[in-house]
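What the coordinates show
The lines below spell out each chain.
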Amino acid sequence: MTYGEHPSSTAAAAEDKLWNSDYLKVMCSNFLLFFAFYLIAPLLPLYLNDRFMADKDTIGIVLSGYVVATLMIRPFSGFMVDSFNRKKVLMLCFFVFFICFAGYIGAGTLLMFAIVRTMHGIPFGAATVANSTVAIDVLPSSRRNEGIGFYGLSNNLAMAIAPSAGIYIYSVTGDFPMLFWISLILALAGFICTSRVRIPTRELIKNKPKMSLDHFFLGRAWLMAVNITLFGLCWGIMSNYVAIYEQEELGVADGTGIFFMMLSGGLFISRLYGSKSLRAGKITHNCARGVLLSLAGYTLFALAFGEWSFYLSALLVGLGNGQMYPAFLNMFIKVARHDQRGTANSSILISWDLGMGIGILLGGFLAEYISYSAAFWVTAAMQCAGTMMFLLFTRHFYMRRRLNEN
């Protein structure tokens with residue numbers, strides 16, 4: 001400390017440090033969690049076909065199991081994170097997540113693999129809620145809006161790099177078990193990283209009702225939940241049917257990798273760009289800009305002018321969602337009490353996952369009985385409806401219900 005420097009000012013500066021060691025550890029563990037999970041994701045259909053001779057319908061059923069398990073565990077994970085020691089809950093979830101990769105290596109039958117894959121959704125869903133809640137805990141309150149925006153970069157980056165890395169490793173080695181071992185080691189590294197995080201001591205809330213809906217879903221944020229479900233529906237249709245759409249409707253060959261690269265680039269850039277306004281408290285401003293950019297992207301995607309519009313739409317959707325989602329997460333947290341952070345995290349994830357699930361089913365139905373073009377025009381219409389809902393109703397709903405607590 002230099003002469004004349006006041007101790008309290010030094011302490012305040014330290015407390016307001018965004019990139020503190022614990023926040024970096026949480027970011028690292030989140031990156032490793034998503035990287036390990038998505039390293040094998042794009043190759044599992046090929047593995048099931050080669051290893052077990054599974055047909056397309058069976059592959060779809062096997063791989064969808066983890067989505068159902070993730071959606072079911074999310075409400076309870078929010079309750080556990082709010083009611084028990086957060087670090088212990090996170091470490092337990094991360095350890096089970098790590099162990100499940102060993103199950104892939106040992107699964108000798110299709111049924112066993114299906115069980116392991118479905119069960120893997122439970123620790124994955126719980127760990128994502130617990131990890132994001134811990135990230136909020138280790139952030140200084142003055143930097144929380146900004147920090148939540150940056151936190152999402154860790155899983156965006158992992159989801160952008162991991163599938164390509166997995167495909168490259170397999171193309172070089174042709175060895176599926178090696179990929180499972182790599183994911184196992186990465187998950188172990190994430191668990192070790194998690195174990196070294198120091199979480200501020202908090203007093204567990206006692207004498208609360210043992211069974212209350214607010215323990216499992218944030219009722220105060222119901223309109224925001226409906227709104228984010230609409231946006232999740234749009235993402236679900238686009239992300240799952242883009243590969244087929246580009247070939248059958250646009251005639252673009254092998255463009256999916258570039259599309260997702262543009263999408264991830266947009267997400268990454270917008271998180272960096274939007275962090276300053278989030279720090280300034282311009283949450284609804286960020287969200288409004290994000291939903292409008294996404295609307296432009298989905299509309300351009302449905303118009304299908306050609307290859308240039310295909311890639312530009314990906315960039316616009318990435319830029320929009322990269323600003324919209326962190327803003328919505330901040331809004332969920334700000335309408336919740338400090339002892340409901342886990343519930344707030346699980347509530348937005350439940351809403352997003354529900355929207356994605358509906359989108360996958362709706363997109364498949366529309367593509368089967370009408371066309372892929374119709375499915376993406378419905379996507380643009382749903383994004384328009386969600387945008388109007390936010391601008392006319394949701395942002396005012398949030399302003400009335402936000403709390404001063406952080």
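Here the structure is a predicted model, which means the values were calculated and not measured.

Remark: helix 2 (residues 21-40) packs on helix 8 (residues 176-195), axes separated minimally by 8 Å, with the N-to-C direction vectors making an angle of 165°. What the angle tells us is that helix 2 and helix 8 run roughly antiparallel. Helix-helix and strand crossings are classified by hand; for helix 2 and helix 8 the assignment is left-handed. Packed against helix 2, whose contacting residues are K25, C28, S29, L32, F35, A36, L39 and I40, the element helix 8 presents L179, F180, I182, S183, L186, A187, A189, G190, C193 and T194 at the interface. Of the residues in the contact of helix 2 with helix 8, the class split is 13 nonpolar, 4 polar and 1 charged.

Residues of the chain with pLDDT of at least 70 account for 89%, and the chain-wide mean is 84. Summarising per-element confidence for the chain, the mean pLDDT is lowest in helix 1 (residues 7-15) (44) and highest in helix 8 (95). Per-residue pLDDT stays below 50 along residues 1-14; that stretch engages in 3 contacts with residues further than four places along the chain or on separate chains.

Locating S132 in the fold gives a position in helix 6 (residues 110-138). For S132, a relative accessible area of 10% puts it in the buried group. Not counting the four nearest positions on each side in its chain, S132 is found in contact with Y151 and N345.

This next bit is on the packing of aromatic side chains. Tallied over the entire structure, the rule returns 34 aromatic pairs. Taking the centre distance of 4.1 Å and the plane angle of 10° together, the rings of F37 and F124 count as stacked. With a gap of 87 residues between them, F37 in helix 2 and F124 in helix 6 connect regions that are remote in the sequence. Residues F37 and F124 agree in their burial class; the two are buried. Centroid distance W222 to F397: 5.7 Å. Interplanar angle 80°. Geometry classified as edge-to-face. A residue pair is termed long-range when its members are at least 10 positions apart, and W222 in helix 9 (residues 222-250) and F397 in helix 14 (residues 372-401) qualify at 175 residues. What makes F397 buried here is its relative accessible area of 3%. It is R117 that lies over the ring of Y66; its NZ or CZ is 4.6 Å from the centre.

What counts, and at which threshold
Residues numbered from 1 in each chain as written. Predicted model: local features only at pLDDT ≥ 70, side-chain atom pairs only at ≥ 80, totals over all residues. Heavy atoms only, no water. Axes fitted to C-alpha atoms, helices over the stretch in contact; angles between N-to-C directions. Helix = DSSP H or I, 4+ residues; strand = E, 2+ residues; numbered from the N terminus. Parallel < 35°, antiparallel > 145°, perpendicular 65-115°, else oblique. Left-handed = near helix turned anticlockwise from the far one by under 90°. Contact = heavy atoms within 4.5 Å. Nonpolar A, V, L, I, M, F, W, Y, C, P; charged D, E, K, R; others polar. pLDDT = per-residue confidence, 0-100. Buried < 20%, exposed > 50% of the residue type's maximum accessible area, 1.4 Å probe, protein only. Phe/Tyr/Trp six-rings, centres within 6.5 Å; stacked < 30°, edge-to-face > 60°. Lys NZ or Arg CZ within 6 Å of the ring centre and 35° of its normal.

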